[in-house]
Amino acid sequence: GIVYCELVCAYQGLAQYDLAEQWTEAMERWSQSDAIGSLHGRCRVHRAEILRLRGLCPEAELEAQLACDELRPYLRREMGWPLSELGQIRLRRGDIDGARALMQQALNVAPTASDRAFALFYLGELDFNNGDVNGALDLYRQALAASPTDVQSLAGTAKAEAALGQHLTASDDY
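From a predicted model like this one, the values you see are computed outputs, not experimental measurements.

1. Things to note about the side chain of Arg47
If you trace the backbone, Arg47 turns up in helix H3 (residues 37-53). Among the residues examined, Arg47 registers a relative accessible area of 18% and is labelled buried. Beyond its immediate sequence surroundings of up to four residues, Arg47 is in contact with Glu21, Thr24, Glu28 and Glu63.

This is the structure in structure tokens:
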């Protein structure tokens, strides 16, 4: 199961979603017979991401919620991952408040600096997309304080600075 999981993570990281989907389907077949709790929950998060990217948000939301339910008893330190995915699904469905609450939950349980940066970046995106550029900039900077090389947060910081008319700072920060 772990090999499948790592392959899917790698393919998703490379934006090779067709291959990730093929391996996710293979994981699902495997998990129906041999999986134990936490591996099956991880598989569900991968499946939820694929479904979200395919625009199948109701199905993605169900998978992400099941992943939360399955991972909670086994891997509390990994709860930020399915919570973040659920937040992205809610955002795509237009539920801004639900997305914000889930990203805040993900931040609250984030075990590593990169996990905190991920949640802070998406909270910043919510602020930016809802017109609170100063709030977004603060969150992007918090993300960078947690993980100074986080590319999304570097881009978010530059985007917010440019939106505030701080073009030279944006250029320097990016």
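The rest of the description comes next.
2. Observations regarding the pattern of salt bridges
Inspection of every chain in the model, using the stated rule, returns eleven salt bridges. Between Arg52 and Glu85 there is a salt bridge, and its shortest N-O distance comes to 2.5 Å. Here Arg52, found in helix H3, pairs with Glu85, found in helix H5 (residues 80-92); they are 33 residues apart in sequence, far enough to count as distant. For the pair shown, Arg52 and Glu85 are each scored as buried. Across the salt bridge formed by Glu161 and Arg141, the nearest N and O atoms sit 3.0 Å from each other.

What counts and how
The numbering scheme is per chain: residues are counted from 1 as the chain's sequence reads. Local features in a predicted model are, by the rule used here, given only for residues with pLDDT of at least 70; side-chain atom pairs are given and counted only at 80 or more, and totals for whole chains, interfaces and linings are based on all residues. With hydrogens and water excluded, all non-hydrogen atoms of the structure serve as input to the side-chain values. Helix numbering and strand numbering both begin at the N terminus, where a helix is a DSSP run of H or I of at least 4 residues and a strand a DSSP run of E of at least 2. Only protein chains enter the calculation, and the probe is 1.4 Å; a residue is then buried if its accessible area is under 20% of its type maximum, exposed if over 50%, and partly exposed in between. Residue contacts are counted whenever heavy atoms from the two residues lie within 4.5 Å of one another. Any carboxyl oxygen of Asp or Glu that lies within 4 Å of a side-chain nitrogen of Lys or Arg is treated as forming a salt bridge with it.

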